[in-house]
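Examination of the molecular architecture
What follows is the residue order along each chain.
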Amino acid sequence: MLTMKLHRLPLWQLERYLKPHPIPLSPQFARPFSTNPSSSRFSNLLSNSRCINLQCNSRSSRARRVYSTTSPTIPSTTVSAKDILFGQPVYETHPHILQLGELTPGITAQEFHERRTRLINILPPNSAVLLPSAQIHYRSGAVFYPFRQESNFLYLTGFSEPESLTVLTKTEESDDYSFHLFCRPKDPKSEQWMGPWSGIDAARDVWNADQAGDIGRVESLLGDALKGVNQVYTDAELSNNGALTKVGTLLSSVAPKVRISPLKPYINAIRAIKSPAEIANMRRAGRDSGRAITEAMRRPWKYEKDLAAFLEYQYQTSGLDGQAYVPVVAGGRRGLLIHYVLNNGMIGDSEFVLVDAGGEYGTYITDITRTWPVSGKFSPAQKDLYDAVLRAQRSSISLSRASANVTLDKLHLITENALRDQLKQLGFDVGGDRMSVLFPHHVGHYVGLDVHDVPGYPRNVLLREGHCITIEPGVYVPDDARWPKAFRGLGVRIEDSVCVGDDSPFILTTEAVKEVDDIEALRS
């Protein structure tokens, strides 16, 4: 366990703790695992091929799986795994994305194993976890959205394909577990139309499933996986309007007597505390996203859509996966609309533009909001309102540390009081419920694999080292006579993603400038 304060380390120092272990089968590990097994079972990846040798050095860029045909009618050939198509990047095919030992960017097979172990350790004996994958969603007709794996499934397996089912079983008093992964078998004819998928043997040999099977035969296979289990933890939808869903029907047929309990309270408690590798991914997303937003501030913009397109392009070319969520790019009074995402308006030279946008790296997101004058120069009223929000934000960020003994809810109250004091000084009447009009949303939420991470995890939990949150105060002044005339129609929100440290916060998004002098200097 690392005992140094990781939030104090720069990114380049964090990254050196994320290298894969030099000896994948070291006796210190609770169970053998590897993304580079000494023998492999990739049947049907190529015609009648099997792995005959693994040439691997954990620090070598030449590590590879190699395969040989064994059919008596086909001459013997050797094929490297880098020449095989998988359903997602693996090290051999995508060394520009993954380092040796990683299953997803920055996250090693060992870390995925440790996540599963932590979850199993807090569940009772003779229990199981059941996780269906996400499914492909369609925009219209045959036009589908890019696939995105269900977050808990991804967090525990690293496997990013639809039509899959994960089962983790814990039997008797052991803290060990069995990892079952049901997925699509290799099918060259279907893959010619749909693109590659990884197959059953890859589920064992790359993603380290103890047992892997054909998802098409799951009705006959799941019963064996759940043998001896009397309680299943799952958040899958089992019924809809009184009728059993596909998963509900499956469970009731193969394990009708098991008790069903929600998984969310257990998995949320684990996911909420981020590892050094997760923090490094979020820092990478925050760094490159912040640079993109700062670069956008250097330029004049006439159309919201052009600014939105510029940011997405910057994310892609910096090495991020793309945008983490549909951005808010709101010119002028549209900045008063909290989740304005049409992004199709014109922006006046004298107006603010409010941008809530961020990229993701390795499926870990960053969440940033900046507000700046399109002209590059703050008017007196814009500067006064902006400074009021910035002061409140700075104060709340400084308290985003374990030693402050605060919760997100407590930070919200502190932020609201700070904004109230600042607005009073600007001549606002903030009596009664007027603060709920000017500051209608919570000051923050958890961030990680999801923009609003670990749904259902309470905001009244004391923040501790490893929690990652946003701090995003905002003031939105309606255009009516209740408010000082100079500020009517102005909306300001300033948001950073922050990792809670023991004694100090680790701001993940510092590259997005936010001081008035710094913003104005970008256009001078």
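It should be emphasised that the depicted structure is a prediction, and the values quoted were computed from it without experimental measurement.

**A closer look at the sheet that holds strand β25 (residues 496–499)**
With antiparallel pairing, three strands are arranged side by side in an open sheet as β22-β25-β26. In this open sheet, the two strands that pair with only one neighbour each are β22 (468–471) and β26 (506–507).

**Considerations on the packing of helix α9 (residues 276–297) against helix α10 (residues 304–317)**
Packing of α9 against α10 leaves a shortest axis separation of 9 Å and a crossing angle of 140°. The handedness of the crossing between α9 and α10 comes out as right-handed. Judged by residue contacts, Ser289, Ala292, Ile293, Glu295 and Ala296 of α9 engage Leu307, Phe310, Leu311, Gln314 and Tyr315 from α10. Per-class residue counts for the contact of α9 with α10 are seven nonpolar, two polar and one charged.

**Some points on the sheet that holds strand β9 (residues 165–170)**
With respect to topology, six strands assemble into an open sheet ordered β11-β10-β9-β6-β12-β15, the strand pairing being mixed. Looking at strand neighbours, the two that pair on one side only are β11 (211–214) and β15 (259–261), the edges of this open sheet. Averaged over all neighbouring strand pairs, the angle between strand axes comes to 20°, with direction disregarded. Here strand β10 (residues 178–183) pairs with β11 via four bridges, running parallel.

**Points about the environment of leucine 463**
Positionally, leucine 463 belongs in the loop between α13 (434–438) and β22. The spatial distance from the C-alpha of leucine 463 to the C-alpha of alanine 404 is 8.5 Å, given a sequence separation of 59 residues. Beyond its immediate chain neighbours, meaning those up to four positions away, leucine 463 contacts Ala402, Val406, Thr407, Leu408, Leu411, Tyr446, Ile469 and Val500.

**Topic: the pattern of salt bridges**
Here the structure, examined in full by the defined rule, presents 29 salt bridges. Note that glutamate 295 is salt-bridged to arginine 298, the shortest N-O span being 3.3 Å. For glutamate 295, a relative accessible area of 26% translates into the label partly exposed. Residue arginine 298 is classed as partly exposed on the basis of its relative accessible area, which comes to 41%. Of the charged contacts in the structure, one is a salt bridge between lysine 514 and aspartate 496, with a shortest N-O distance of 2.8 Å. Of this pair, lysine 514 sits in the loop between β26 and α14 (516–521) while aspartate 496 sits in strand β25, and the two are 18 residues apart along the sequence. In this structure lysine 514 comes out as buried when scored by relative accessible area, which is 14%. A relative accessible area of 1% means that aspartate 496 is categorised as buried. Beyond isolated ion pairs, a larger network of salt bridges with shared partners links Arg148, Arg271, Lys274, Asp450 and Asp453.

**Focus: the pairing of β9**
Looking along a regular strand, one sees the side chains alternate between the two faces of the sheet. The element β9 is largely enclosed, with a buried count of six among its six residues. The alternating pattern of β9 places Leu165, Val167 and Thr169 on one face and Thr166, Leu168 and Lys170 on the opposite face, and all of these are buried. Bridge count for β9 against β10 is five bridges, and the pairing is antiparallel. Following the sheet pairing, leucine 168 is matched in β10 by phenylalanine 179.

Rules used in this analysis
- Residues numbered from 1 in each chain as written.
- Predicted model: local features only at pLDDT ≥ 70, side-chain atom pairs only at ≥ 80, totals over all residues.
- Heavy atoms only, no water.
- Pairing = 2+ DSSP bridges.
- Helix = DSSP H or I, 4+ residues; strand = E, 2+ residues; numbered from the N terminus.
- Axes fitted to C-alpha atoms, helices over the stretch in contact; angles between N-to-C directions.
- Left-handed = near helix turned anticlockwise from the far one by under 90°.
- Contact = heavy atoms within 4.5 Å.
- Nonpolar A, V, L, I, M, F, W, Y, C, P; charged D, E, K, R; others polar.
- Salt bridge = Lys/Arg side-chain N within 4 Å of Asp/Glu carboxyl O.
- Buried < 20%, exposed > 50% of the residue type's maximum accessible area, 1.4 Å probe, protein only.

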